[in-house]
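# Understanding the architecture of this molecule
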Amino acid sequence: MISVRNVSMSFGSLKVLRGVSLEVAAGESVAICGTNGAGKSTLIQCLTGVHAYEGSIAIGGFDVRRDGKRARRLIGYVPQELAFRDDMRVDEVVRFYAALRGDRAVDVAAVLGPVALRDHAQARARVLSGGMKQRLALAIALLGNAPILVLDELSASLDIEGREAFLHLLVGLRGEGRTVVFASHRPEEIAILAERALWIVDGKFQSAPAPRGVVTATNKENRDVLIPATA
Amino acid sequence: MSSSPLRPESALANTWTIARRELRDALRSRWFALNTAAFVLLGVGVSFLSASAGGGGGLSGFGRTTAGLVNLVTLVVPLMALTAGAGSVAGERERGMLAFLLSQPVSRVEVIAGKWLGLALALAASIFLGFGLCAAIVATRANADGAGALVALAMLSLFLALGMLGIGLLISVLSRRTSVATGLAVFCWLLLAFATDLGLMAGTLTWKLSIQTILAACLANPLQVFKIWSLDAAGIPLDVLGPVGQYTMDRLPNALPWIAAASLTLWAIVPGASAALLFARKPAA
């Protein structure tokens with residue numbers, strides 16, 4: 001579903017990604033883990049075509065550089081920094097992004113229902129809390145039934161309660177057969193959501209060892225995941 | 001996962017979706033209300049001053065109001081359009097919204113074209129509403145003859161605004177921060193509105209520039225082109241502009257509208273197209 005081959009990316013003279021390769025199968029849930037500045041977000045943004053890169057990335061068989069629109073229609077993206085135009089109402093935000101995905105008759109209530117924002121459809125974006133914005137971004141990511149969810153630091157702006165609810169929502173979406181790729185440095189998120197975790201250090205994937213405080217264990221689905229050592 | 005993702009929208013549909021958002025946001029903003037109000041107030045003020053200068057009271061007719069408005073438009077419209085364009089891309093980039101927009105099934109050219117179109121429509125709305133209200137007030141209080149001159153000035157103002165909007169967008173694409181983009185836009189406005197005039201004056205005195213050179217330099221500046229063309233279109237003799245105006249009247253009486261149209265068309269297309277090309281190659285975040 002996602003094929004990343006020998007991707008390198010630099011910001012000026014700073015090399016952020018150094019020949020990264022990754023294959024993600026349909027329906028798989030993969031965590032891109034690493035410390036701040038390791039290159040997680042940059043890799044995620046290369047998948048969405050935001051950054052220019054060397055190497056090749058294909059989404060659902062579509063090359064991100066050459067056929068970006070077709071590749072991105074398969075992706076629902078939840079960014080780390082959540083910003084919507086302050087004066088836009090929630091329903092206007094949904095309609096705008098739905099129109100870009102070809103759905104001009106979107107049922108706003110049906111889109112906002114699963115992320116518990118139906119009652120806030122008329123609210124301006126500026127009054128939404130961080131958690132609400134995160135859920136709105138997820139609602140937008142799910143527009144058009146995108147089969148791939150890409151999330152950057154998925155619960156960065158949430159409190160503990162909000163994070164649990166958000167993760168519960170994502171586990172449900174993974175269960176529907178969506179492919180999920182997310183960047184995170186929180187072991188508990190990785191343990192709950194990921195079937196496979198890849199560690200990125202200095203712009204390169206490293207197979208082992210996991211960072212201190214995290215061990216590999218087998219989850220209920222008999223897959224190796226990383227969990228906090230204290231769990 | 002019951003249904004497949006919807007097909008990507010056409011370039012025109014995406015451009016129009018983005019343009020509508022830009023237009024709606026601009027119409028809701030204080031920027032739009034303030035600019036439109038400024039047009040009306042300044043237009044009526046210019047009409048009042050024109051009448052006073054002519055020895056009368058109240059408001060003067062359309063002809064004199066138009067002549068008085070040319071200088072005002074030459075300053076106000078470029079500033080409006082430059083700052084509107086300069087804030088568009090840099091502002092979204094700075095707040096992280098651009099990366100989110102570009103992660104949607106939309107191309108970079110569609111994004112920049114949509115922004116240009118939406119802001120162009122907002123500028124058109126502001127200019128025509130401002131001129132329209134000004135015209136309505138003048139028509140009720142003074143001689144209504146010569147309204148065509150005001151309509152022509154409004155059209156040329158929009159033409160000028162489109163060129164300045166393209167320059168503003170180009171600045172915005174090249175700037176990482178809104179403050180830098182706005183600063184550059186204001187600098188560009190000062191350069192076009194004042195520095196070229198002063199530079200030509202200094203150059204003429206220092207290097208004894210020929211009249212042809214001065215005219216060529218004027219025709220390369222969209223603000224000067226607008227001023228010359230607007231006065232010509234309003235039937236005002238160009239000798240009010242000095243020797244360059246006199247030379248233009250003598251040597252280019254029929255060619256002037258074509259030269260001016262070509263110059264403003266280039267200014268309306270080249271900076272905007274350059275912004276789109278650069279944006280298509282530049283990382284967003």
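Residues numbered from 1 in each chain as written. Chains lettered and ligands numbered in written order. Predicted model: local features only at pLDDT ≥ 70, side-chain atom pairs only at ≥ 80, totals over all residues.

## Concerning the overall build of chain A
Scanning chain A for helices and strands turns up 7 helices and 12 strands. Out of the 231 residues belonging to chain A, those deemed buried represent 47%. Counting contacts in chain A only where the partners sit at least 6 residues apart, residues at least 24 apart contribute 65% of the total. (Helix = DSSP H or I, 4+ residues; strand = E, 2+ residues; numbered from the N terminus. Buried ≥ 20, exposed ≤ 12 C-beta atoms within 10 Å, placed from the backbone. Contact = placed C-beta atoms within 7 Å.)

## Here's the deal with the interface of chain A and chain B
Contacts between the two partners involve 33 residues from chain A, matched on the other side by 26 residues from chain B. Of all the secondary structure elements, the ones that give two or more residues to the side of chain A that touches chain B are helix 2 (68–72), strand 6 (75–78) and helix 3 (90–100) of chain A. Each residue belonging to the side of chain A that touches chain B can be placed in one class, and the counts come to 13 nonpolar, 9 polar and 11 charged. (Nonpolar A, V, L, I, M, F, W, Y, C, P; charged D, E, K, R; others polar.)

## Thoughts on the nonpolar core
Counting residues in each nonpolar core, the largest one holds 148 residues, and the members touching the most others are Ile32 and Leu136 of chain A together with Leu123, Ala161 and Leu165 of chain B. Element by element, the count of residues in this core is highest for helix 6 (residues 147–174) of chain B, at 16 residues. Those residues in contact with Ile32 of chain A that sit more than four places away from it in its chain are Lys40, Leu43, Ile44, Val181, Phe182, Ala183, Leu198 and Ile200 of chain A. (Core = buried A, V, L, I, M, F, W, Y, C linked by C-beta atoms within 7 Å.)

## Brief notes about the environment of Leu121 of chain B
Within the secondary structure layout, Leu121 of chain B lies in helix 5 (residues 108–141). Once residues within four sequence positions are removed from consideration, Leu121 of chain B is found in contact with Ala19 and Leu23 of chain B.

## So, the sheet that holds strand 2 (residues 14–24) of chain A
Residue and element names in this part refer to chain A. Pairing is antiparallel in the open sheet, where 4 strands are placed in the order 2-1-4-5. Two strands lie at the open edges of the sheet, namely strand 2 and strand 5 (62–63), each paired on one side alone. Of the pairings in the sheet, the one linking strand 4 (residues 54–59) to strand 5 comprises 2 bridges and is antiparallel in character. Across the sheet, residue Ile59 finds its bridge partner in strand 5, namely Phe62. (Pairing = 2+ DSSP bridges.)

## Structural notes on the environment of Ile75 of chain A
Relative to the elements of secondary structure, Ile75 of chain A occurs in strand 6. C-alpha separation for the pair Ile75 of chain A and Ala146 of chain A, spaced 71 residues apart in sequence, amounts to 5.5 Å. Ile75 of chain A has contacts with Thr48, Ile59, Ala146, Ile148 and Val150 of chain A together with Ser103 of chain B, leaving out every residue within four places of it along the chain.

## Thoughts on helix 6 (residues 160–175) of chain A
Residues and elements named next belong to chain A. For helix 6, built from 16 residues, the straight-helix expectation of 22 Å at 1.5 Å per residue is met to within 8% by its first-to-last C-alpha distance of 23 Å. On its buried face, helix 6 is in contact with helix 5 (130–141), strand 8 (179–184) and helix 7 (187–193). Of the residues one or two after helix 6, Gly177 is the one with positive phi, at around 100°. (Expected span 1.5 Å × (residues − 1).)

## Points about the pairing of strand 2 of chain A
For a regular strand, the rule is simple: side chains alternate between the two faces of the sheet. Residues and elements named next belong to chain A. By the bridge criterion, 7 bridges tie strand 1 (residues 2–11) to strand 2 in an arrangement that is antiparallel. What sits directly across from Phe11, in strand 2, is Leu14. Hairpin connection of strand 1 to strand 2: 2 residues between the antiparallel strands, including Gly12 at a positive phi of 65°.

## What about unusual backbone geometry?
Residue and element names in this part refer to chain A. The residue Asn145 is not glycine, and still its phi comes out positive at about 55°. Summarising the element assignment, Asn145 is placed in the loop between helix 5 and strand 7 (148–152). Backbone geometry places Asp202, a non-glycine residue, at a positive phi of 55°. Summarising the element assignment, Asp202 is placed in the loop between strand 9 (196–201) and strand 10 (204–206). Under the C-beta neighbour-count criterion, Asp202 is labelled partly exposed, with 14 such atoms within 10 Å.

## Points about the environment of Leu170 of chain B
All names here are of chain B. By the element assignment, Leu170 lies in helix 6. Sequence-wise, Leu170 and Leu277 are 107 residues apart; in three dimensions their C-alpha atoms are separated by 9.7 Å. In this view, Leu170 contacts Pro271, Ser274 and Ala275; residues no more than four positions away in its chain are not counted.

## Concerning the confidence of the model for chain B
Residue and element names in this part refer to chain B. Residue-level pLDDT values for chain B average 84, and 88% of them are 70 or greater. Mean pLDDT across the secondary structure elements of chain B bottoms out at helix 2 (residues 30–53), with 77, and peaks at helix 1 (residues 11–28), with 92. Reported confidences for the modelled complex are a pTM of 0.85 and an ipTM of 0.85. (pLDDT = per-residue confidence, 0-100.)

## As for the sheet that holds strand 8 of chain A
Residues and elements named next belong to chain A. With mixed pairing, the 6 strands of this open sheet are ordered in space as 6-7-8-3-9-10. Sheet topology places strand 6 and strand 10 at the edges, where each strand pairs with a single neighbour. For this sheet, the mean inter-axis angle between neighbouring strands, taken without regard to orientation, is 25°. As paired elements, strand 3 (residues 29–33) and strand 8 share 5 bridges and run parallel to each other. When the bridges of strand 8 are listed, Ile32 appears paired with Ala183. Along the sheet face, helix 5 touches strand 6 and strand 7 and points at about 170° away from the line of strand 6. (Axes fitted to C-alpha atoms, helices over the stretch in contact; angles between N-to-C directions.)

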